[in-house]
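Each chain, letter by letter, is given below.
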Amino acid sequence: AVEGCRASAPDVALLDIQMPLLDGVSVARQVLADRAAKCVIILTAFSDREHIERVQACGAAGYLTKPFEAEKILPTIELCIVRSKEYYQHLSRRCQNREPIDQAKLLLMETRGMREDEAYQYIRELSRRKGMSMARVASYLLAQQEERHD
């Protein structure tokens, strides 16, 4: 199951707790750690607290008990897909914002002799005080530096 997810990188992996080699919780943990699937839903006949807590701890997004009707799992799958898309869009925005923040940190380290953690805290504190995102503060700091050199 792990290799199948690595090979196909599905949006959703539906895993049973009882599987031949590894149990579904171990597979889910590995699949999520490898980012081999965006979302994992566990299917099981167990509904006791211990199993539910193990599934929660592994990072699965859903827990469905058997027996079930196929049409009843569709809402869970749809929700899982929507949440994973929202997560990856959020992650993409955060990655786009990282570049100006890293550049502004470097600027502060070079011009003010700050350590990296101090530069980060400086940007973070300005962000908090001004009510602006850290990316916007970083862009402002970089623009100020460009104006000084023009």
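Residues numbered from 1 in each chain as written. Predicted model: local features only at pLDDT ≥ 70, side-chain atom pairs only at ≥ 80, totals over all residues. Heavy atoms only, no water.

A. Highlighting the pairing of strand β2 (residues 39-44). Burial runs high along β2: six of the six residues are buried. On β2, burial covers both faces: Cys-39, Ile-41 and Leu-43 on one face and Val-40, Ile-42 and Thr-44 on the other are all buried. Taken together, the five bridges between strand β1 (residues 12-16) and β2 define a ladder with parallel strand orientation. Its bridge partner lying in β2, Leu-15 is registered against Ile-42. (Buried < 20%, exposed > 50% of the residue type's maximum accessible area, 1.4 Å probe, protein only. Helix = DSSP H or I, 4+ residues; strand = E, 2+ residues; numbered from the N terminus. Pairing = 2+ DSSP bridges.)

B. Region of interest: the sheet that holds β1. Strand order in this open sheet of three strands is β1-β2-β3, and the pairing throughout is parallel. Taken across any chain shown, the strands that pair with only one partner, and hence form the sheet edges, are β1 and β3 (62-65). Averaged over all adjacent pairs, the angle separating strand axes in this sheet is 25 degrees, with direction ignored. The strands that helix α2 (residues 24-33) touches are β1 and β2; relative to β2, the one it contacts most, it runs at about 175 degrees. (Axes fitted to C-alpha atoms, helices over the stretch in contact; angles between N-to-C directions. Contact = heavy atoms within 4.5 Å.)

C. Region of interest: the nonpolar core. If you look at the biggest cluster of nonpolar residues, it comprises 16 residues, and the most contacted ones within it are Leu-15, Val-31, Val-40 and Ile-42. Of all the elements in the fold, those that place two or more residues in this core are α1 (2-8), β1, α2, β2 and α3 (49-58). Sort the elements by how many residues they give to this core and α2 lands first, with four residues. Among all residues touching Leu-15, those that are not within four sequence positions of it are Ala-1, Gly-24, Val-27, Ala-28, Val-40, Ile-41, Ile-42 and Leu-43. (Core = buried A, V, L, I, M, F, W, Y, C linked by side-chain atoms within 4.5 Å.)

D. Up close: the layout of surface pockets. Here the largest pocket is characterised by a volume of approximately 170 Å³. Lining the largest pocket are 14 residues, with Leu-32, Lys-38, Cys-39, Tyr-87 and Tyr-88 positioned closest to its centre. Looking at the lining of the largest pocket, the elements that each hand over two or more residues are β2 and α4 (70-112). The element contributing the most residues to the lining of the largest pocket is α4, with five residues. (1 Å grid on protein atoms, 1.4 Å probe; cavity = no way out; pocket = protein on both sides within 12 Å on 5 of 7 lines; lining within 4 Å. Points joined across faces, edges and corners; volume = space filled by probe spheres on them.)

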